[in-house]
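# Descriptive analysis of the structure
What follows is the residue order along each chain.
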Number of protein chains: 2
Amino acid sequence: MKILTADGTSELELLETMHNRSTEIDRQVSETVSGILADVCTRGDDAVRDYTEKFDGKRPGALELSPDALENAYAQVPARFIESLTRAAENIRAFHERQKREGFITTQPNGVVMGQRVRGLARVGLYVPGGKAAYPSSVLMNAIPAKVAGVGELVMVAPPGKEGTVNPYILAAAKVAGVDRVFAIGGAQAVAALAYGTASVPKVDKIVGPGNIYVATAKRLVFGAVDIDMIAGPSEILVVADETADPAYLAADLMSQAEHDPLASAVLLTVSRKLAEQTLAEIDRQKAALSRREIIEQSLRDFGAIIVCKNLADCLCLANRIAPEHLELMVNQPMHWLGMVENAGSVFLGQYSPEPLGDYYAGPNHVLPTSGTARFFSPLSVDTFVKKSSFIYYSREALDKGKDDIVTLAEAEGLTAHANSIKVRFGQ
Amino acid sequence: MKILTADGTSELELLETMHNRSTEIDRQVSETVSGILADVCTRGDDAVRDYTEKFDGKRPGALELSPDALENAYAQVPARFIESLTRAAENIRAFHERQKREGFITTQPNGVVMGQRVRGLARVGLYVPGGKAAYPSSVLMNAIPAKVAGVGELVMVAPPGKEGTVNPYILAAAKVAGVDRVFAIGGAQAVAALAYGTASVPKVDKIVGPGNIYVATAKRLVFGAVDIDMIAGPSEILVVADETADPAYLAADLMSQAEHDPLASAVLLTVSRKLAEQTLAEIDRQKAALSRREIIEQSLRDFGAIIVCKNLADCLCLANRIAPEHLELMVNQPMHWLGMVENAGSVFLGQYSPEPLGDYYAGPNHVLPTSGTARFFSPLSVDTFVKKSSFIYYSREALDKGKDDIVTLAEAEGLTAHANSIKVRFGQ
C-alpha cells in the first residue's frame, strides 16, 4: 500500500480505481443462467434437482428442510455462538424496529379521505451463499428487517454441501432470525425457483441476499418478475484520521475490510504523514498473525491507499466523492464532522466504533451500498420489505368543487375521455 | 370487449394478457442507445448537439433554457390552466408532505449513540417526453415529491420541437413545481448527459420520468452509474363493481384509461351480468363523443375484459392476483373492502372518486407500479428521492461489554482480521 499526497491527480486515480471494481456482466454467464432460468420455469422441481446434482454433487430428495433440521443444527453449534448470535439479533431487531413506519390518513370535512397504507411483502426469498462465504451474520441482517417489516412468509435458500446438508451455523441463524421455511438449494436454479415457483418452492415477491456471479446474474434477469435488492459490489472501508488516531487501530480496521476479498478496498485519508507511516508499520506487524494474510496483501496492494490531505475538511470532501460503503471517522470530535458526511452507507464514529462492531453487533444493517452508490442508494432496511399503496375517497360535494380544475387539466393534455369520466358524474 | 364468466380459465387468461403487455427489451434499440451513451460520455455537449440535430431537427445553441423562457411560457399559457395547475400542485404537495420522514437517534447511558439520517438526493434529473405524451401533470407528480424530499437541485430535460422550443405547458408546470434548471434536450442523449455530465449539463444522482423505448432503454443502461425510478409499463385500470354502481360511470372510467395507449388495459369485475351488459351499451353510447375513440376501441378490444364473478370477495381475490396500477371500488361500502386489497398501486373508493381525480388533482402520486408489480413496487413518493445512512458511536465501555460476542461471531465466520480489530483495542 502506498502513501500518496492529495494533489488532485491521486484523488482522481483513487476514485477511478474504487468505483470500477465491480465485475462487468459476463455474456457467457448470462447465457448459462438464462438457460437455467428457462429450464426451471418449464420443468420446475425436476430441473432444480438436476442442477443441484450437477453443481452441488448430490441429487436431493425433498428440497425443503424439516423444522427438525433447524432444531438439530441449533443444538449442534456451540452454545457460546448461539448466545452471541442471540444478543446480536436483539440489537439488530431493536434498531430496525425504529425504521418501521405506519401509513397515514388525511380527512377533510367535505368528505375527502385519503392516505397511504404500508404493508410487509407477502413472501420474500433470502439467498444465502454456501462454502466460505456462508455468513450467519448476513442471515440476521437480511432476515430480521424482513420480519420486522411484517413479511408474511420468509423463505430461505442455501446450497447443500457435498453431503447434501446446509451449514449448521446458517441454519441456527435462520432459527434465531425467525426464517419460516428453508430449502437446501442454491445457484441460479434456486433464484429461478423463488422467482417462478415450483411444486415445492413457493413463488416470492422479492429476492434478497448476496451470491456469486451466477446468483447475481440470475437476480438481475428475474428482476421485474420479482423485485430484488441491490446487487452488492466488493466491500470497502474509508477511514478518516487526525493526529489523535491510534495507528494500531487504523491498521487493524483497514485489514478487517481487506480480508474479505482481493477486490475489497481499504483507504486511509489523514492529515498526518507520520500517522500514515506508523499505520503502514502496524499493518506489517499485525498481519503476520492473521489467517487471511494473502487476501489482505493482495487487496491492500491493488485497492488500498493512504492519502495525506491538507486538513480534515479536505479529507471529508474526498470521502464524499468516494461515497464509501463504510466510513470511519477516527478523529477527536467525530460527532462534530457527521454533518459534513454527505455520502456513506454507514458512519463509524470515534476510536471505539470499529467497522466489525457494525458488521456483527451494534444493530444498524451491514448490507450497504458499495462502489460509490451511497450517493443514491441506502442501507438494507425495513423499507426494503414493504409495499406502499395510496387510497382516495371523494364525496360528490368534494368532486364537484374540483371538477372544473380536473376537466381543464385533462383537456389541456388532449385526454377527453379523462374529462368525460368527471363530466358524466354531473350530467355534463 | 367481451363479457366472460369467472370459471378459473378466463381469470388465468386475463392474468396472462395483462401481465405480458410490456414490450421486451429490443436488441437493436439497445445497440443504438449504447452507441449514443458512449458517444455522449466521450464527446459531451458536441455529441448531444449532434443527436439533437439528427433526431429533433434543429441544431441547438445553448442547451439550457434561461429563467426568462420559463417566465414567458408561464405568461403565454391560459390563466385558467395555471389556476387549475396551481391548485393541483397544492394538493399534491400537501399529500407528499405527509410522506416526509425524519431520521432518528437512539442513545444508551453507557455511551452508545446510533441512528439513521435521511436526506434528499443532491441532484436529480427529470425526463419529460415531448410530442403527444407531454403531460404537465407528470411534471408535477415527479417534481413535487423531489422538492418535498429536499433534493438539492432538480434538473429537467425535455426534447425541443421542430422550432427548437419546449412545449410551454410543460415549462409552466416546471415553474409551478419548482424545477431548478431546464435543458431543451431529449432522447437517449439527454439521459446520457444527465448520467455522465457534460460541460453544460450537470451529472445527477438519479433519473426519473417516463419516456419512449429509447429513453427507457437508456435509463436501464445507465442504472448503476445513477439510480433510476421504475420503468413504467402500459397503464391499466381494474374496476370492481356491485349492483349499486352506475354503468355510465363504469363505462367512462374504463375508457378514460383505455384512451392512453392501444396497450392500455381496462377491466371490469362485477357480480352482475346485467351491469356488465349495461356498461357495454354505455361504452358504445359515450365513445362517439371522445377524440381518441380509435385508441379506446383498440385497447378495449385487445386488453379489455368484463368478468362476472360469483361475489365481491371473488372479485377482490382476482384483483389481488392482477395487482392493478389503478383499482376502483365502485361498491356500496368501499371502505369496508379496503382491507381486502392486498395489491394495487392506488385505490379509488366509491362513485365519486374516478381515476382522473387521482391523475390530476387529489394529491397522491399518479406514477404507479404496472403489470402486476404492485405486488412489490410502490407509488413514486418522497422516499424515491432520499438516501439514508446510519451512524454508530460506541464508548470504550460499551465496546468492552460487546467485544466477546463480536469476536465469537467473527471467528465463527473465519474472519480473524475482524476479530483483531476488536482485540487490538483491548491489548489482546
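Along each chain, residues carry numbers from 1 onward, in the same order as the chain's sequence is written. Whichever chain is written first is A, and whichever ligand is written first is 1; the rest continue in order. Predicted model: local features are reported for residues with pLDDT of at least 70 only, side-chain atom pairs are reported and counted for 80 or more only, and whole-chain, interface and lining totals are derived from all residues. In computing side-chain properties, one takes all heavy atoms of the structure into account and sets aside hydrogens as well as water.

Scanning chain A from N- to C-terminus turns up 17 helices and 14 strands. C-alpha atoms of chain A, sized along the principal axes, occupy 85 × 60 × 45 Å. Counting across all 428 residues of chain A, residues that qualify as buried make up 62%. Here the analysis covers contacts within chain A between residues at least 6 apart in sequence; of these, 75% occur between residues at least 24 apart. Values of accessible area rely on a 1.4 Å probe in the Shrake-Rupley scheme; residue burial ignores everything except the protein chains shown. Total accessible area on chain A stands at roughly 15,900 Å², and carbon and sulfur atoms take up 50% of it. Under the DSSP-based scheme used, a helix requires at least four consecutive residues in state H or I and a strand at least two consecutive residues in state E, with every element numbered from the N terminus. Exposure classes here rest on a 1.4 Å probe applied to the protein chains alone. A residue is buried below 20% of its type maximum, exposed above 50%, and partly exposed in between. We call two residues in contact when some of their heavy atoms are within 4.5 Å.

Moving on, we get to the UniProt feature "active site" (unreviewed entry) in chain A. Residues and elements named next belong to chain A. Sequence positions flagged by UniProt for "active site" (unreviewed entry) are, in local numbering, Glu325 and His326. Structurally, Glu325 can be placed in the loop between helix 13 (312-322) and strand 12 (326-330). Exposure remark for Glu325: the relative accessible area of 6% places this residue in the buried category. In contact with Glu325, not counting residues within four places along its chain, are Ser235, Glu236, Gln257, Ala344, Gly345, Ser346, His366, Leu368, Pro369 and Thr370. Within the structure, the side chain of Glu325 is placed 2.8 Å from the side chain of Ser235, a separation counted as a polar contact. With respect to the helices, strands and loops of the structure, His326 is situated in strand 12. His326 sits in the buried class, given a relative accessible area of 3%. In this structure, His326 is in contact with Ser235, Glu236, Ile237, Leu238, Gln257, Ser346, Phe348, Glu355, Asp359 and Leu368, ignoring residues within four places of it in sequence. From its side chain, His326 meets the backbone oxygen of Glu236 in a polar contact 2.8 Å long. UniProt positions are given in the numbering used here, feature names are shortened, and annotations may be inferred rather than shown by experiment. Here a polar contact means two N or O atoms within 3.5 Å. Within protein one must be a hydrogen donor candidate and the other an acceptor candidate, and residues neighboring in sequence count only if both atoms are side-chain atoms.

Another point: helix 16 (residues 396-412) of chain B. Given a helix with a known number of residues, its expected span is that number minus one, times 1.5 Å. Across its 17 residues, helix 16 of chain B extends 24 Å between first and last C-alpha, which sits within 8% of the 24 Å expected from 1.5 Å per residue. A residue's bend is given by the angle between axes fitted to the 7 residues ending at it and the 7 residues starting at it. The sharpest bend along helix 16 of chain B reaches about 50° and sits at Gly402 of chain B. Those residues of helix 16 of chain B hidden inside the fold are in contact with helix 5 (79-97) and helix 15 (355-360) of chain A together with strand 3 (112-120), strand 14 (386-394) and helix 17 (416-423) of chain B.

Fitting of the copies onto one another was done by least squares over C-alpha atoms, counting residues only where both copies have pLDDT of at least 70. Mapping chain A onto chain B leaves a residual RMSD of 0.0 Å; the transformation is a rotation of 180° accompanied by 0.0 Å of translation along its axis. What we have between these two chains is a two-fold relation. Comparing interface residues between copies, 100% of those in chain A also lie at the interface in chain B; the contact surface is shared.

All names here are of chain B. Here the rule is simple: two strands pair whenever DSSP picks up at least two bridges between them. Read from one edge of the open sheet, 5 strands run 6-5-4-7-8, paired in parallel fashion. The open sheet has two free edges, formed respectively by strand 6 (181-183) and strand 8 (227-228), since each of these has just one partner strand. To get an axis, a line is fitted to the C-alpha atoms, and for a helix only the part in contact is used. The angle between two axes follows their N-to-C directions and goes from 0 to 180 degrees. The strands touched by helix 6 (residues 136-149) are strand 4 (123-127), strand 5 (153-157) and strand 7 (206-208); relative to strand 5, the strand with the most contacts, the crossing angle is about 165°. Against the sheet, helix 8 (residues 187-196) touches strand 4, strand 5 and strand 7, its axis set at about 175° to strand 4.

Between chain A and chain B, the residue contacts involve 114 residues of the former and 114 residues of the latter. Where chain A abuts chain B, roughly 9,900 Å² becomes buried across the two surfaces, and 57% of that area is made up of carbon and sulfur atoms. We define a salt bridge as a side-chain nitrogen of Lys or Arg found within 4 Å of a carboxyl oxygen belonging to Asp or Glu. Here chain A and chain B share 16 salt bridges between them. Taking the shortest distance from any N to any O, the salt bridge between Arg119 of chain A and Glu342 of chain B comes out at 3.6 Å. Of the residues forming the side of chain A that touches chain B, the biggest block, 10 residues, is contributed by helix 16 (residues 396-412) of chain A. In the scheme used here, Gly and all other residues not listed as nonpolar or charged are polar, with Ala, Val, Leu, Ile, Met, Phe, Trp, Tyr, Cys and Pro taken as nonpolar and Asp, Glu, Lys and Arg as charged. In terms of residue class, the side of chain A that touches chain B is built from 57 nonpolar, 33 polar and 24 charged. Values labelled buried area give the accessible surface lost by two parts on being combined, using a 1.4 Å probe and summing over both.

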